[in-house]
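Per-entry structural report
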Amino acid sequence: MHADDENDWYDWMLLAQAGDAHAYNKLLASLSRAITSYVVRRFGNVEFADDCVQESLIALHEARHTFLPGRPIRPWVFAIVRNRAIDMLRRQQRRQRLFAVDIDDPMLPVADAAPEAHADDRRESADRVLEALPPPQRQALELTKLMGLSITEAASRAGISAGAMKVRVHRATRAAIRAVEADRE
Amino acid sequence: MRSRQEELIAKLTADLTPVKTAPPPLRVAGLWWLGSWLFVIVVTLLTGPLRPGAFVDLLTSAQFAAESLVGFFAAALIAAWVFEDSIPGTRRRGLLLLGLAAVASWLIAYVVGLEYPALEPSMAGKRAGCVLQTLLFAAPPMVAGIWLTNRNYFPLAPLRSAALIGLAGAMLPALFMQFACMYDPLHILRFHILPIPGVVIAGVIGAWVARRAFGRRRDLLRGRRG
């Protein structure tokens, strides 16, 4: 990143704080490129970088009032990006744990394949179950169980009430359990 | 066709409203500090008298004055760091280390006091229920600190912030009990300082529950402080 970019970001951010949409658009476009490059360089995963940019831009948007004039913008931006990236990695780990295989589970069909193969099978199976759910239910499970959002946060993301989100999560969980049981049989 | 990022940028741009920049964190920390002290002093005075001659001891015992001042500055440094840290990208590790070192010195002063007390230990001025009062008087400063940091800023480690503001908040009544309750380092350690970890844990749990219940992420497209 060049110092010029940083100066531009600084100017655009001050304008954006005053409500200048054009400057904000330029800022976010420039930041998304810089964040992509940063995340790819650090984590080497383009798909992850794409999600990370999305999360980071949303966080930057929410936090834009905390950028204080006179302070450097780069540490402010990348502190938020690093925080989002770490959050996402934690969520991924949570997801892996959720779908992890208990290889000692006597109910599981034990074949001659390696445990890793079973783990992969189970993850694929879990992904299949999720895919088979109606989109609103799938979204409800993804937001609450995989991304770890609260019911209120998830409801806000989905644009529905918290009560409706609770019902959706409940139905989705039951449908997923039924699908997993059917899969086992 | 537009990419996901372009779509998001378009949405966020469309959602843009002018925002008022957050107030300088040290100014808010200072207000929190003054308000919290005022609260602690007033409720302590409302619930009982001060130890006779407590403030005179400040002038007559350098050790007593030192342990009081170290605690006073320790809590101030921790509070300043928490508010500064609630602005992303602010690096004031030195301030935190200084604050934690001051907290450690404050604790060590009482441990040393077990053998070499600053004042002659006595039951004079003993306050009934000082442990409960320390806990209760710490709660409003802690809640106010958590609310102020989350309302005005964007703490990236909100649970750590809650723990540290709980520490700073709980140190205030613990410190003021130096003047409002009996002086005996063992009593101070057991009944004024031991409640502090409880307040810290309560702060973390409270912040966690509040985040789960209310969530910081409001409807993005409605904006936060438009």
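Reading the values: the criteria
- Residues numbered from 1 in each chain as written.
- Chains lettered and ligands numbered in written order.
- Predicted model: local features only at pLDDT ≥ 70, side-chain atom pairs only at ≥ 80, totals over all residues.
- Heavy atoms only, no water.
- Helix = DSSP H or I, 4+ residues; strand = E, 2+ residues; numbered from the N terminus.
- Contact = heavy atoms within 4.5 Å.
- Salt bridge = Lys/Arg side-chain N within 4 Å of Asp/Glu carboxyl O.
- Polar contact = N/O pair within 3.5 Å; in protein donor to acceptor, adjacent residues only side chain to side chain.
- Axes fitted to C-alpha atoms, helices over the stretch in contact; angles between N-to-C directions.
- Left-handed = near helix turned anticlockwise from the far one by under 90°.
- Nonpolar A, V, L, I, M, F, W, Y, C, P; charged D, E, K, R; others polar.
- Phe/Tyr/Trp six-rings, centres within 6.5 Å; stacked < 30°, edge-to-face > 60°.
- Buried < 20%, exposed > 50% of the residue type's maximum accessible area, 1.4 Å probe, protein only.
- Patch = residues over 30% accessible without salt bridge, like charges linked within 9 Å, V, L, I, M, F, W, Y side chains within 5 Å.
- Areas by Shrake-Rupley, 256 points an atom, 1.4 Å probe, with all protein chains shown as cover.
- Lys, Arg positive; Asp, Glu negative; His and termini not counted.
- Charge placed at Lys NZ, Arg CZ, Asp CG, Glu CD.

1. Some details on the overall build of chain B
From N to C terminus, chain B includes nine helices and zero strands. Going from N to C terminus, chain B has its helices and strands arranged as α-α-α-α-α-α-α-α-α. Seen through its principal axes, chain B has C-alpha atoms that stretch 80 × 35 × 25 Å. Sequence-distant contacts in chain B: of pairs separated by 6 or more residues, those separated by 24 or more amount to 86%.

2. Examining the interface of chain B and chain A
The interface of chain B with chain A comprises 37 residues on the first partner and 44 residues on the second. A salt bridge links A:Arg71 to B:Glu84; its shortest N-O distance comes to 3.2 Å. At the boundary of chain B and chain A, one finds nine residue pairs in polar contact (both at pLDDT 80 or more). Broken down by element, the side of chain B that touches chain A gets its largest block of residues, six residues, from helix 1 (residues 4-14) of chain B.

3. A few points about the packing of helix 5 (residues 93-115) of chain B against helix 7 (residues 158-180) of chain B
Residues and elements named next belong to chain B. At their nearest, the axes of helix 5 and helix 7 sit 13 Å apart, and the two run at 35 degrees to each other. For the pair helix 5 and helix 7, the sense of crossing is left-handed. Contact with helix 5, carried on its side by Leu96, Val103, Trp106 and Tyr110, involves Leu164, Leu167, Met171, Ala174, Leu175 and Gln178 of helix 7 and no other residues of that element. Its residues placed into classes, the contact of helix 5 with helix 7 shows nine nonpolar, one polar and no charged.

4. A short note on the packing of aromatic side chains
The geometry of an aromatic ring pair is captured by two quantities: the separation of the ring centres and the angle between the planes. Applying the stated criterion across every chain, the model contains 15 aromatic pairs over all chains. Both rings, one in A:Tyr10 and one in A:Phe67, keep their centres 5.6 Å apart while their planes meet at 85 degrees; by these two values the pair is edge-to-face. Placement of A:Tyr10 in helix 1 (residues 3-17) and of A:Phe67 in the loop between helix 3 (46-62) and helix 4 (73-98) is noted, with a sequence separation of 57 residues between them. Look at A:Tyr10 and you get partly exposed, because its relative accessible area is 22%. Relative to B:Phe72, the ring of B:Trp37 has its centre 5.7 Å away and its plane inclined at 25 degrees; by these criteria the two rings are stacked. Here B:Trp37 is found in helix 2 (residues 25-46), whereas its partner B:Phe72 is found in helix 4 (residues 62-85), with 35 residues between them in sequence. Given a relative accessible area of 11%, B:Trp37 falls into the buried group. Three or more aromatic residues joined by ring pairs form one cluster here, namely B:Trp33, B:Trp37, B:Phe55, B:Phe64, B:Phe72, B:Phe73, B:Phe176, B:Phe179 and B:Tyr183.

5. Topic: a positive patch on the surface
Positive charge collects at one region of the surface, where A:Arg41, A:Arg42, A:Arg74 and B:Arg91 lie side by side. As for its placement among the helices and strands, A:Arg74 is situated in helix 4. Residue A:Arg74 is classed as partly exposed on the basis of its relative accessible area of 37%.

6. As for the pattern of salt bridges
The final tally for this structure, using the stated rule, is seven salt bridges over all chains. Among the ionic pairs, B:Asp57 bridges to B:Arg51, the shortest N-O distance being 3.3 Å. Residue B:Arg160 pairs with B:Asp85 through a salt bridge whose shortest N-O separation is 2.8 Å. Of this pair, B:Arg160 sits in helix 7 while B:Asp85 sits in helix 4, placing them 75 residues apart in sequence. With relative accessibility at 42%, the residue B:Arg160 sits in the partly exposed group. The buried category is assigned to B:Asp85, whose relative accessible area is 14%. Each of the salt bridges in this network shares a partner with another, and the network as a whole consists of A:Arg71, B:Glu84 and B:Arg92.

7. Some thoughts on the side chain of B:Gln178
All names here are of chain B. Structurally, Gln178 can be placed in helix 7. Under the relative-accessibility criterion, Gln178 is labelled buried at 1%. There is a polar contact of 2.9 Å between the side chain of Gln178 and the side chain of Ser68. When near neighbours in sequence (up to four residues on either side) are disregarded, Gln178 contacts Arg51, Phe64, Glu67, Ser68, Tyr110, Tyr183 and Ile188.

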